[in-house]
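Observations on the model geometry
So you can see what is in the structure, the chains are spelled out below.
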Amino acid sequence: MNKKTGKAKILFLFLCLILLAGCGKKEEAAEESSNEVYIAEYQIFHMGDSRPYLSVFDENGGVFFAGCGKGKNDQLFFLEAGQREPVEIDLGISAEAWITGMGRDRKGNLLLACSQYDETLELFELKKVSADGSILQSLDLTGIFRNVPGFEAGSLAGDGQGNYYIGDKKKLYLISSEGKLVNTLEMEVSIEALFLAKEDNLLLARMSNGTIAEINEDKFSVKNPDCHINFGQGIYTSGVETELLYAQGDALYACNVKDEEPDKILSWTDCNINSACLQSFVMLEDGRIAVFSVQNDSQGECEVALLTKTQKENVPEKTVITYGCVYPSSLLCAQVVRFNKLNTQYHIELKQYTEGSMDINAAKDALRMDILSGNAPDILDIGAGFSEEENFALIEAGALEDLTSLYSEHYGDKKLVQGFNRGKMLEALCQLNMDRFVDQETGECHFEEESFLQILELAGRFGGEEKQAGFEQVRNGEILFMEASLLSVSDFQYYEYLFGDEVRIIGYPADRACGLMALPCVSVLSMNKQSDNKEGVWQFICFLLEEDQQAELGRSGAQGIPVKKSVIDMLCEEQMEIEYEEDEEGNLQERSKTSWKIDDMVVKYYAVTKKEADYFKGLLEQIGNSMDTGVSQGLITIIQEEAAAYFEGVKPVEEAARVIQNRAQNYINETFHIPDK
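Residues numbered from 1 in each chain as written. Predicted model: local features only at pLDDT ≥ 70, side-chain atom pairs only at ≥ 80, totals over all residues. Heavy atoms only, no water.

All right, on to the packing of aromatic side chains then. Evaluation of the coordinates by the stated rule reveals 23 aromatic pairs. Geometrically, the ring pair formed by Phe65 and Phe77 is stacked, given 5.4 Å between the ring centres and 20 degrees between the ring planes. Placement of the pair is Phe65 in strand 5 (residues 63-68) and Phe77 in strand 6 (residues 75-79), with a sequence separation of 12 residues. In this structure, Phe65 and Phe77 share a single accessibility class: buried. Members of the aromatic cluster, each reached through a chain of ring pairs, are Phe195, Phe231, Tyr236, Tyr246 and Tyr253. (Phe/Tyr/Trp six-rings, centres within 6.5 Å; stacked < 30°, edge-to-face > 60°. Helix = DSSP H or I, 4+ residues; strand = E, 2+ residues; numbered from the N terminus. Buried < 20%, exposed > 50% of the residue type's maximum accessible area, 1.4 Å probe, protein only.)

The following block contains the structure:
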């Protein structure tokens, strides 16, 4: 038999887990040419509860932004270029009104859509604000739009004659400077954004089908030019030397509407800017780029960065570590940015294989070709976009570095929780009990044991359909158990609301005290075995396991459970802090931390109790699932194939188990090295 030798277990870095059960700092940035790079100067400020959600730059690099917070009305702020703190602008709008849209006119004034809804539109005002914050005009347009079903002013623009353009789904409205409806233009598809072109009489509209429409301001007519570029989701603005600039994914592009393809100006992460936090940007006349980002929504942390081109020789040199992925995780982008700002030796450079119009399958093929040709990135993110089979194929090909020795050197015998689950009962039960049926020391299989027959029989009771239990079935007791996933301690409140009582997490049936499983959440990082920068990759991995970075991941809005115990303790303490507000009679009452609307119900999350926090941490202590996933995946495929005959009534359970035993033993003998005694 052809036995492979020296097969190593691969240690993946799981940054976050999901638990399943039954200012003025300068850095190196993106390279535009061989001789020039962008450097960024950062300014960070905090808005507290007034969290920005809309923003627009003026032509001088000053930024207007709208913010809202608990118990506060919508507010408008302006941060002048070079100033340290923003100032608030009094709009004089109703306490119940929201700023639902922002735009600019050709004179550089800010345009605001201020809307108030009950069940229908109650108030709609259009306000024009000068660069110094003065209210130049306020138009009450409620009468025009009150009877328009579902009206929302999602996009705004203004021409040089004082006319206004309001985009709402497939309609574009032309409003005169006096507030009269002049005309309505019907579009073929929905308008996603409006922005001014360089030509004085041309307005550009990004459409939901990935095209750009040209609106002639003089004739109020639309033209749909032949677009070779797919203008997808992103942030769009007027260009300086080209018709438009747009941010898509991790890149900033410049182009004219009819170009064959855009020119890539820079990568945001190379400028140490997290593209997931990006709200707006502008290119100034001198070629600098001003960028506004909301770094931490829960803390109201904002950043304005000013990017300036400089000669590459004047920038301190760093060793570049390439980070390859299909889809970049916003959380990992944030950590890459933070690492680059702090590390003086290495710079992580993002390589997104789906950049541009490449689909996911073509992107994965491109990554495989890079691996085969020896040009793969130093870090391979094999989380989002990759199946387990594809991950194991990379392991079998020897493309991934075994991190066990590196990990042991720094963390001793401490274990990172790991495990996989496809949501199917058979796979979950087999994975949790695989060490009972396969002896990793001798290579002997035991799939004819009574306990394995019980697993097949139990899985067979669930039928072939995969339908999620309805909420009503859970509430009225028709469903006694449901699969639960916990991303934080506060998730208990959701399940308690669902069941109307206390809940207990009991885990899947397993041949051990507890059948809880932990899955990787966000990203799964691996080291390219051929990398020339392994020390730098390891520095980045260690950086991600530091308490500050783990805490940032854990606070990022139900994204998963950190792998560091001390951080879990700290986050539980934070979740136990009670927040208060006054009721209508002036009495203090507990305020919800957040709420989620799920189907027809709204679940409010309050401070967790010590009992809930202790129970949650106790569950994490019980996770004991540890296996060679390379072994289990191949065996699970065999089990699935042969169990189908039992499920369909073709074979009795004993015969199905016997075939599984024979195939599994052959698989182990042919593919896995048995350690020498």
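For the rest of this paragraph, the subject is a nonpolar patch on the surface. A cluster of nonpolar side chains, Ile578, Tyr580 and Leu588, forms an exposed patch at the surface whose accessible area comes to about 340 Å². In this fold, Ile578 is placed in the loop between helix 12 (565-575) and strand 33 (580-582). (Patch = residues over 30% accessible without salt bridge, like charges linked within 9 Å, V, L, I, M, F, W, Y side chains within 5 Å. Areas by Shrake-Rupley, 256 points an atom, 1.4 Å probe, with all protein chains shown as cover. Salt bridge = Lys/Arg side-chain N within 4 Å of Asp/Glu carboxyl O.)

Looking now at the sheet that holds strand 10 (residues 121-129). By way of backbone hydrogen bonds, the strands of a sheet pair with one another, either parallel or antiparallel. Here four strands make up an open sheet; going across it, the order is 8-9-10-11 and the pairing antiparallel. Strand pairing shows two members of the sheet lacking a second neighbour, strand 8 (98-104) and strand 11 (135-140), which therefore form its edges. If you compare each strand with its neighbour and ignore which way they point, the axes differ by 20 degrees on average. The pairing of strand 8 with strand 9 (residues 110-117) spans six bridges and is antiparallel. Pairing of Ile99 across the sheet is with Cys114, part of strand 9. (Pairing = 2+ DSSP bridges. Axes fitted to C-alpha atoms, helices over the stretch in contact; angles between N-to-C directions.)

If you trace the four strands from one edge of the open sheet to the other, you get 4-5-6-7, paired in antiparallel fashion. Each end of this open sheet is capped by a strand with a single partner; those strands are strand 4 (51-57) and strand 7 (87-89). Taken over all neighbouring pairs, the strand axes of this sheet differ in orientation by 30 degrees on average, direction set aside. Strand direction decides the pairing type here: strand 5 and strand 6, joined by five bridges, are antiparallel.

This part covers the packing of helix 2 (residues 330-342) against helix 11 (residues 547-554). Helix-helix packing: each pair is described by the crossing angle between the helix axes and the interaxial distance. Between helix 2 and helix 11, whose axes approach to 10 Å, the crossing angle comes to 150 degrees. On the basis of the axis angle, helix 2 is roughly antiparallel to helix 11. Along this stretch, helix 2 crosses helix 11, giving a crossing that reads as right-handed. In contact with Leu331, Gln335 and Arg338 of helix 2, helix 11 contributes Gln549, Glu552 and Leu553. Residue composition of the contact of helix 2 with helix 11, by class: two nonpolar, two polar and two charged. (Parallel < 35°, antiparallel > 145°, perpendicular 65-115°, else oblique. Left-handed = near helix turned anticlockwise from the far one by under 90°. Contact = heavy atoms within 4.5 Å. Nonpolar A, V, L, I, M, F, W, Y, C, P; charged D, E, K, R; others polar.)

Further remarks concern the confidence of the model for the protein. Per-residue confidence for the protein gives a mean pLDDT of 79, with 79% of residues at or over 70. Looking over the protein, one finds the lowest element-wise mean pLDDT in strand 2 (residues 26-31), namely 40, and the highest in strand 14 (residues 171-175), namely 95. For the stretch residues 22-33, pLDDT sits under 50, and the model shows 50 contacts to residues farther than four places along the chain or on other chains. (pLDDT = per-residue confidence, 0-100.)

A side chain of one charge can pair with a side chain of the opposite charge if their charged atoms are brought near each other. This model, assessed by the stated rule, comprises 14 salt bridges. As a salt-bridge pair, Lys617 and Asp569 come within 3.5 Å of each other at their nearest N and O atoms. Of the two residues, Lys617 is situated in helix 13 (residues 610-622) and Asp569 in helix 12; the sequence distance between them amounts to 48 residues. Overall, the relative accessible area of 22% leaves Lys617 in the partly exposed class. Where salt bridges share partners, they join Glu641, Glu642, Lys651 and Arg663 into one cluster.

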